[in-house]
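As a plain string of letters, each chain reads:
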Amino acid sequence: MDSHRSQSGACLSLSPPAVLMFLSRKMQVLSGGRALRAAALKKFCQRTSFTTQAGVECIAPLFQTVQETPQPIPTKVTGAIPKWIRGSLLRNGPGRFEFGNDKYNHWFDGMALMHNFKIENGAVTYMSKFLQSDSYTQNKSANRIVASEFGTLAMPDPCKSAFDRFMSKFKIISTDNCSVNYVLYKGDYYVSTETNFMRMVDPETLDTLDKVDWSKFIAVNGATAHPHYDPDGTVYNMGNSYGKEGTRYNIIRVPPQKSNSGDTLEGAQVVCSIEPEEKMKPAYYHSFGMSENYVVFVEQPLRLNILKLLLNRIQGKSFSGIMKWEPDQNTVFHVINKHTGKKHSTTFHAKAFATFHQINAFEDQGCIVLDLCCQDDGGAVELFQLQNLRKSGDDLNEFLAQLAHAYPRRFVLPLGDSVNGDVAAQPLKYSTATAAKKADGKIWCTHENLHDHTLDSCGLEFPQINYAKYNTKKYRYFYGCGFQHLVGNSLLKVDVETKKAKVWKENGYYPSEPIFVPYPNSIEEDDGVILSAVLTPDQNKNIFLLILDAKDFTEIARAEAPVQIPYGFHGIFVPQRS
Ligand SMILES: [Fe+2]
């Protein structure tokens, strides 16, 4: 069992992560063997404390390379897992951060490691496999980083001629290291990042299947890892295009049915194409909102500088440096009829905020209600360099103080003529969100906070809802992670009517995105369970799959596994095929 533990490090009160890296390298040189290195590091870690002198726990091991667990292993279950839960919680996230002597710089660069917590007959097994992406296999074969990622630019092959090395700086090859999420198109499961590539995967075995290129089907250069689904299986997504007409934001629709067995994205269409406020500085977006009839695209002042991208290529800098938070700009909401592709004549504006995950959107009384996690400072992405995340002690405290929290907020976008004057009005009586029309026809909006003081010190991210029944519908509950640390360290359930939150928290444990699974024949919105993979940097403790009662947020069961898992991004519950 111990061989499933992390092959590298911990962080401690006396020694910075650099010491561990030194030890790791030293062991590699001395032994040349991964097993010996892992055993030595484990012994080393067992002698150490994980708490910094200032009391904030160093969580560097949650950002270190681990070994995969390709064969399912049993877990130790405490409590009673209801027999009706049959299926897999699949998780995705980075799991390898170096090849040979080359190391990635940014958290988002790590190679995708897929996890499967399979629940059946009250028992749970765990397995994980690295995505066999072209990026992963090429890096592994070369024993160095040969494929560029978001924050790490691969160095040109030293065996190439000087001319070829120079010309390679102009070749932008996007990655198929799909480490962000699982997405579903026409019944097939894919892992996704935000480039033009997705990889189809087998949700049971985690085997890597076809590589699918969006740009072969429609004129886009990528798509988000957060599509939305209509009840009939039609999928909506968004992706940028960089063509002769400049940069455009595109709303994409993929039909629900396959036309033949080899069909992947055939029939995909660009429903609407939107021009950025600034052509050479399009906004970065990570997700979008969707109601029953509309897509809501939030154009935030987190901008991608296209000229700088080209310059960075010549100067040998990575993609991450081209993203800039411009708080002097407004945030703009674009509303698009998802059936006709027609953009609503009014644009809605708000003061600058950044958003990565939208919670839900629905239509009510001629308005779109849009709930999303917002932060007032959008500069965080640049900060998630691995060297920052692996800090300890005072350095960690200082870094934590720089990070903005995200808070759940509600905007109400009136689609009709209910807002006529420049006096702020509340389009919906049950929300304090306001809208006021200015002389230029734009509507200026303010938000309603969807939380009470419980979230003040932690905010909320990785929002989830009872998606199957309440996406695009008026709803009452959402779930998420509270962030009093670099990653989630609590689970939250928020009631949007009372603003009150229920909290699950255990010191030294870091829960991942909570996934709602409804009871069979459920009646109420929160009739179901919450699944979350709960991680720890302490190699003397086990990670576990946590199962909470979604109604009262009490623990039903946990299933412990003696493995180490790096903190990841998103997951999905896949019901067992009958
Ligand atoms: Fe995300």
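The structure presented is a predicted model; accordingly, all values stated were derived computationally and were not measured.

Caption draft 1: Looking closely at the overall build of the protein. A tally of regular secondary structure across the protein gives 9 helices and 37 strands. Looking at the protein as a whole, 59% of its 578 residues are labelled buried. Look at the contacts in the protein between residues 6 or more apart in sequence, and 63% of them connect residues 24 or more apart.

Caption draft 2: Quick peek at the side chain of Asn92. Among the structural elements, Asn92 can be located in strand E3 (residues 87-96). Assessed through its relative accessible area of 0%, Asn92 is described here as buried. Here Cys178 takes part through its backbone oxygen, which lies 3.0 Å from a polar atom of the side chain of Asn92. Discounting chain neighbours no more than four positions away, the residues touching Asn92 are Ala112, Leu113, Met114, Cys178, Ser179, Val180, Asn181, Tyr182, Val191, Gly568, Phe569 and His570.

Caption draft 3: Summary view of the coordination of the iron ion. Taken together, the protein donors to the iron ion comprise His226 (NE2), His286 (NE2), His357 (NE2) and His570 (NE2), at separations of 2.0 to 2.2 Å. Considering all 4 donor atoms around the iron ion, the spread of angles at the metal, 93 to 159°, places the coordination shape in the irregular class. Sequence spacing of the donors to the iron ion: H-x59-H-x70-H-x212-H. With His286 in the loop between strand E15 (269-274) and strand E16 (289-290) and His357 in strand E22 (residues 354-364), this pair connects stretches of sequence that are 71 residues apart. We classify His286 as buried; its relative accessible area is 10%.

Caption draft 4: Structural detail: the sheet that holds strand E12 (residues 228-229). One open sheet accounts for 4 strands, arranged E12-E13-E14-E15; its pairing is antiparallel. Of all the strands in the sheet, the pair left with one neighbour each is E12 and E15. Sheet topology places strand E14 (residues 246-254) next to E15; 5 bridges connect them, and they run antiparallel. Directly across from Tyr249, in E15, lies its bridge partner Ile274.

Caption draft 5: Spatial organisation of the UniProt feature "binding site: Fe cation" (unreviewed entry) in the protein. Cross-referencing UniProt, the feature "binding site: Fe cation" (unreviewed entry) maps to His226, His286, His357 and His570 in the present numbering. Sequence-wise these annotated residues cover 345 residues; spatially they are packed, their C-alpha atoms never more than 12.6 Å apart. For His226, the position within the fold is in the loop between strand E11 (208-213) and E12. Sequence-distant contacts of His226, defined by excluding residues within four places in its chain, comprise Asn181, Asn237, His286, Ser287, Phe288, His357 and His570. Among the polar contacts made by the side chain of His226, one reaches the side chain of His286 at a distance of 3.0 Å. The contact partners of His286, leaving out residues within four places of it in the chain, are Val180, Glu194, Thr224, His226, Phe356, His357 and His570. Here Tyr284 takes part through its side chain, which lies 3.1 Å from a polar atom of the side chain of His286.

Caption draft 6: Local environment of a nonpolar patch on the surface. A cluster of nonpolar residues, Met280, Leu307 and Leu310, forms a patch on the protein surface that exposes about 290 Å² of accessible area. With respect to the helices, strands and loops of the structure, Met280 is situated in the loop between E15 and E16. Taking relative accessible area as the criterion, Met280 reaches 39% and is therefore assigned partly exposed.

Caption draft 7: Layout of the sheet that holds E3. Across the sheet, which stays open at both edges, the 5 strands sit in the order E1-E7-E6-E3-E37 with antiparallel pairing between neighbours. Of all the strands in the sheet, just strand E1 (69-74) and strand E37 (571-575) have a single pairing partner and so form its edges. Averaged over all adjacent pairs, the angle separating strand axes in this sheet is 20°, with direction ignored. Those strands touched by helix H3 (residues 134-142) are E3, strand E6 (111-120) and strand E7 (123-130), and its axis lies near 120° from that of E6.

Caption draft 8: Region of the structure containing the pattern of salt bridges. Inspection of every chain in the model, using the stated rule, returns 26 salt bridges. Linking Lys211 and Asp176 is a salt bridge whose minimum nitrogen-to-oxygen distance equals 4.0 Å. With Lys211 in strand E11 and Asp176 in the loop between helix H4 (162-168) and strand E8 (181-185), the pair connects residues that are 35 residues apart, well separated along the chain. Accessibility expressed as a relative area gives 2% for Asp176, which makes it buried. For Arg558, the salt bridge is made with Glu555, and the minimal N-O distance between the two is 2.8 Å. According to the relative accessible area criterion, Glu555 is partly exposed, its value standing at 34%. Overlapping salt bridges bring together Lys493, Glu524, Asp526, Asp527 and Lys551 as one network.

Each value, and the rule that gives it
Residues numbered from 1 in each chain as written. Predicted model: local features only at pLDDT ≥ 70, side-chain atom pairs only at ≥ 80, totals over all residues. Heavy atoms only, no water. Helix = DSSP H or I, 4+ residues; strand = E, 2+ residues; numbered from the N terminus. Buried < 20%, exposed > 50% of the residue type's maximum accessible area, 1.4 Å probe, protein only. Contact = heavy atoms within 4.5 Å. Polar contact = N/O pair within 3.5 Å; in protein donor to acceptor, adjacent residues only side chain to side chain. Donors = N, O, S within 2.8 Å, 3.2 Å for Na, K, Ca; no water. Tetrahedral: all angles 85-135°; square planar, octahedral: opposite > 155°, others 65-115°. Pairing = 2+ DSSP bridges. UniProt positions renumbered as here; feature names shortened; annotations may be inferred. Patch = residues over 30% accessible without salt bridge, like charges linked within 9 Å, V, L, I, M, F, W, Y side chains within 5 Å. Areas by Shrake-Rupley, 256 points an atom, 1.4 Å probe, with all protein chains shown as cover. Salt bridge = Lys/Arg side-chain N within 4 Å of Asp/Glu carboxyl O. Axes fitted to C-alpha atoms, helices over the stretch in contact; angles between N-to-C directions.

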